[in-house]
Amino acid sequence: VFTSNNKKAIIANGQEIPVPVSTLSNAAVAGTVASVQSSIEFKKVALQLEVVPLINSEKEVSLDILQKIDSVVPNSNVNIGGNSVPTISTRYIRTNVSAPNCSTIVLGGLIQDNKNVSKGGIPYLSKLPVVGPLFRNTIKNHDRTELIILMRPEVNLTKLDLYRLRQKHEDRSHFGPELEQDDCPDCPKAGDGKQLPPPDVPSAKGE
């Protein structure tokens, strides 16, 4: 995600699902059937990242970060007032960190470990001694989800910095046409063999 200094950037990917929030029932009169009306709202279920960068004079970046992940829990709908309401799980990280330019930081990790055991079989026969296991089955499920969030801030102060960033990610991201030469006179022209200067990364303290 690309943003300006001290400006919030938001990137999200997900969907909106209908969720009944209230139900109105009319009492039945003799010879009639009670009517039921439900009010529906759409809830966002998405992977969302919000970040506000603050850059100092040494290109060190202070990041105010909110990472949120919503998901619909399968096979866990709850019946409320005759309506099937989905269960939505939410995981998020909210933090503020500082990092040097072009350094990778680990925000945190979330681990979810679920173990389920279900048994089935033929009544009576599955409980017989010795031969009982032949008439029953046991299913074990083990689901483990690990969420580790990494971030790498890159400061671009000039058009040459932006050109270098686009060159770096061009093959993977397919940004499209490069910057116009008139807009970036310091950028190398296509086919001239000129190499980009090394990025301006501050040296470690104490060197």
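Residues numbered from 1 in each chain as written. Predicted model: local features only at pLDDT ≥ 70, side-chain atom pairs only at ≥ 80, totals over all residues. Heavy atoms only, no water.

## Some details on the overall build of the chain
Link 1 in the chain: A tally of regular secondary structure across the chain gives one helix and eight strands.
Link 2 in the chain: Along the chain, helices and strands appear, N-terminal first, in the series β-β-β-β-β-β-β-β-α.
Link 3 in the chain: Burial statistics for the chain: of 207 residues in total, 22% are counted as buried.
Link 4 in the chain: Long-range contacts, defined as pairs at least 24 residues apart, comprise 57% of the intrachain contacts of the chain with a sequence gap of at least 6.
Link 5 in the chain: A total accessible area of about 15,300 Å² is found for the chain, and carbon and sulfur atoms account for 53% of it. (Helix = DSSP H or I, 4+ residues; strand = E, 2+ residues; numbered from the N terminus. Buried < 20%, exposed > 50% of the residue type's maximum accessible area, 1.4 Å probe, protein only. Contact = heavy atoms within 4.5 Å. Areas by Shrake-Rupley, 256 points an atom, 1.4 Å probe, with all protein chains shown as cover.)

## Side note on the pattern of salt bridges
Link 1 in the chain: Summed over the entire model, instances satisfying the criterion amount to four salt bridges.
Link 2 in the chain: A salt bridge links Glu 50 to Lys 8; the shortest N-O distance between them is 3.7 Å. Taken as a pair, Glu 50 in strand E2 (residues 36-55) and Lys 8 in the segment before strand E1 (9-25) lie far apart in primary sequence, 42 residues in all.
Link 3 in the chain: Since its relative accessible area comes to 16%, Glu 50 is described here as buried.
Link 4 in the chain: A relative accessible area of 54% means that Lys 8 is categorised as exposed.
Link 5 in the chain: For Arg 94, the salt bridge is made with Asp 64, and the minimal N-O distance between the two is 3.6 Å. Here Arg 94 is found in strand E6 (residues 88-99), whereas its partner Asp 64 is found in strand E3 (residues 61-72), with 30 residues between them in sequence. (Salt bridge = Lys/Arg side-chain N within 4 Å of Asp/Glu carboxyl O.)

## With respect to a nonpolar patch on the surface
Link 1 in the chain: A surface patch of nonpolar side chains, about 640 Å² in accessible area, is lined by Ile 122, Leu 125, Leu 128, Val 130, Val 131, Leu 134 and Phe 135.
Link 2 in the chain: With respect to the secondary-structure elements, Leu 128 resides in the loop between strand E7 (105-121) and strand E8 (136-151).
Link 3 in the chain: By relative accessible area, which is 36% here, Leu 128 ends up partly exposed. (Patch = residues over 30% accessible without salt bridge, like charges linked within 9 Å, V, L, I, M, F, W, Y side chains within 5 Å.)

## Focus on the confidence of the model for the chain
Link 1 in the chain: Of all residues in the chain, 71% attain a pLDDT of 70 or more, and the chain-wide mean is 75.
Link 2 in the chain: For the chain, per-element mean pLDDT is lowest for helix H1 (residues 159-173), which scores 68, and highest for E3, which scores 87. (pLDDT = per-residue confidence, 0-100.)

## Quick word on unusual backbone geometry
Keep in mind that most residues, glycine aside, have a negative phi and that most peptide bonds are trans.
Link 1 in the chain: In this structure, Asn 6 takes a positive phi of about 65° despite not being glycine.
Link 2 in the chain: Its place among the elements puts Asn 6 in the segment before E1.
Link 3 in the chain: The exposure class assigned to Asn 6 is partly exposed, which follows from its relative accessible area of 48%.
Link 4 in the chain: A positive phi angle, close to 65°, is found at Cys 102, a residue other than glycine.

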